[in-house]
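Next come the chains, spelled out residue by residue.
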Amino acid sequence: MGNKQVKQHFETAKKTGVLKISLLRLDEFPSALKTFPNVLKTLDISENRFTVLPEDIAKFTLLKHLNASGNKIAALPECIGVLVKLETINMMNNLLTSVPSSLSSCTHLKQVILSNNQITTFPVVFCELKQLDLLDLSRNKITEVPPEVKSLQVTELNLNQNQITIVAEEIADCVKLKTLRLEENCLQISAIHPRILIESKVCNLCVDGNLFNSKQFNELEGYEAYMERFTAVRKKIS
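What you are looking at is a predicted structure, and each value in this text was computed from that prediction instead of being measured.

S.K.: Just to check I follow, could you spell out the overall build of the chain for this structure?
M.R.: Helix and strand counts for the chain come out as five helices and 11 strands. The dimensions of the chain, computed from C-alpha atoms along their principal axes, are 65 × 35 × 30 Å. The 238 residues of the chain split such that 48% are buried. Sequence separation of 24 or more characterises 33% of the internal contacts of the chain that already satisfy a separation of 6 or more. Accessible surface, the chain as shown: approximately 11800 Å² in total, 50% of it carbon and sulfur.

Written out as structure tokens, the structure reads:
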């Protein structure tokens, strides 16, 4: 893949504000990025071989959409917090072990996808973001959902395929949470607190593939209250 193709992408991006350099087998960022004008609103560097996001990304203060999925990035730079206009981040299929606290400055974030990384601790920084609607942390190595989760504003939280054994009952206090995905974790039936079934707004609770069967789940205190919400939503859809 020659420089000519990359150059063409950059020329187009100056006019459109959209730079898409995905699937180009790049392992280092093109030098043109250093001198590129601050016009980018969308940056797609997915499916390459990058191991880091360069500090240069901080100058693109108009950036709304960042897609760096399918690389080998092990950490997000602290400077990402400067990108306060960010609305979506897709970092799935990377090697992230954590996320920087500076993300709390990205108050316009609506969708964050961090599926299939190496994250071991639930990133509570996302609990500070009032606009966040979808948080996908599936296929990581998270073991516990902490009490801080009560401040999450999302309508959907995906924690499928982690190693979760503990879910704080405070998750029932999430004011907007409708879909909670906990499939294929390490949950005992006792980890599903009755408050989640009785007091929460969750109407789509996915718990298959844990250390209990559907009969045990159906016999939980509060199951009927949960099923009322579940059925009401299904009726609206149909």
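We are not done yet, so read on.
S.K.: When you look at unusual backbone geometry in this model, what are you seeing that I'm missing?
M.R.: Trans peptide bonds make up most of the peptide bonds, and negative phi angles are found at most residues other than glycine. Phi angles above zero are rare outside glycine, and E47 is one such case at about 55°. Structurally, E47 is set in the loop between β2 (42-44) and β3 (65-67). Notably, R139 is not glycine yet its phi reads approximately 55°, a positive angle. Secondary-structure assignment places R139 in the loop between β6 (134-136) and β7 (144-145).

S.K.: Mind showing me how you'd approach the pattern of salt bridges here?
M.R.: When the charged atoms of two side chains lie near each other, side chains of opposite charge can form a pair. Tallied over the entire structure, the rule returns eight salt bridges. When the shortest N-O distance is used, the salt bridge between E87 and K110 registers 3.9 Å. In this pair, E87 sits in the loop between β3 and β4 (88-90) while K110 sits in the loop between β4 and β5 (111-113), placing the two residues 23 residues apart along the sequence. Judged by its relative accessible area of 18%, E87 is buried. With a relative accessible area of 41%, K110 lands in the partly exposed category. Of the charged contacts, one joins D173 and R195 as a salt bridge, the two residues approaching to 2.4 Å between their closest N and O atoms.

S.K.: Just to check I follow, could you spell out the sheet that holds strand β8 (residues 156-158) for this structure?
M.R.: In a beta sheet, neighbouring strands pair by backbone hydrogen bonds and run either parallel or antiparallel. One open sheet holds the nine strands; their spatial order is β1-β2-β3-β4-β5-β6-β8-β10-β11, and the pairing between them is parallel. Each edge of the open sheet carries a strand with a single partner, namely β1 (18-20) and β11 (204-206). The mean inter-strand angle of the sheet, taken between neighbouring strand axes irrespective of direction, is 5°. Sheet topology places β4 next to β5; three bridges connect them, and they run parallel. Looking at β5, one finds that I89 is bridged to V112.

S.K.: Quick question: what am I supposed to make of the packing of aromatic side chains here?
M.R.: The description of two aromatic rings rests on the distance between their centres and on the angle between their planes. According to the stated counting rule, one finds eight aromatic pairs in the structure shown. Note on F10 and F36: the rings are 5.4 Å apart at their centroids and 70° apart in plane angle, and the pair reads as edge-to-face. Here F10, found in helix α1 (residues 3-16), pairs with F36, found in the loop between α2 (32-35) and β2; they are 26 residues apart in sequence, far enough to count as distant. Here F10 matches F36 in class, with each residue buried.

S.K.: In this structure, what is going on with helix α5 (residues 223-237)? I would like to understand it.
M.R.: An α-helix turns once every 3.6 residues. As a result, residues three or four positions apart point the same way. With 15 residues, α5 should reach 21 Å at 1.5 Å per residue; the first-to-last C-alpha distance of 21 Å fits that figure. In this structure, the buried residues of α5 make contact with α3 (194-198), β11 and α4 (214-218).

S.K.: Would you mind going over the side chain of S115 with me for this structure?
M.R.: One can find S115 in the loop between β5 and β6. Exposure remark for S115: the relative accessible area of 4% places this residue in the buried category.

Cut-offs applied
- Residues numbered from 1 in each chain as written.
- Predicted model: local features only at pLDDT ≥ 70, side-chain atom pairs only at ≥ 80, totals over all residues.
- Heavy atoms only, no water.
- Helix = DSSP H or I, 4+ residues; strand = E, 2+ residues; numbered from the N terminus.
- Buried < 20%, exposed > 50% of the residue type's maximum accessible area, 1.4 Å probe, protein only.
- Contact = heavy atoms within 4.5 Å.
- Areas by Shrake-Rupley, 256 points an atom, 1.4 Å probe, with all protein chains shown as cover.
- Salt bridge = Lys/Arg side-chain N within 4 Å of Asp/Glu carboxyl O.
- Pairing = 2+ DSSP bridges.
- Axes fitted to C-alpha atoms, helices over the stretch in contact; angles between N-to-C directions.
- Phe/Tyr/Trp six-rings, centres within 6.5 Å; stacked < 30°, edge-to-face > 60°.
- Expected span 1.5 Å × (residues − 1).

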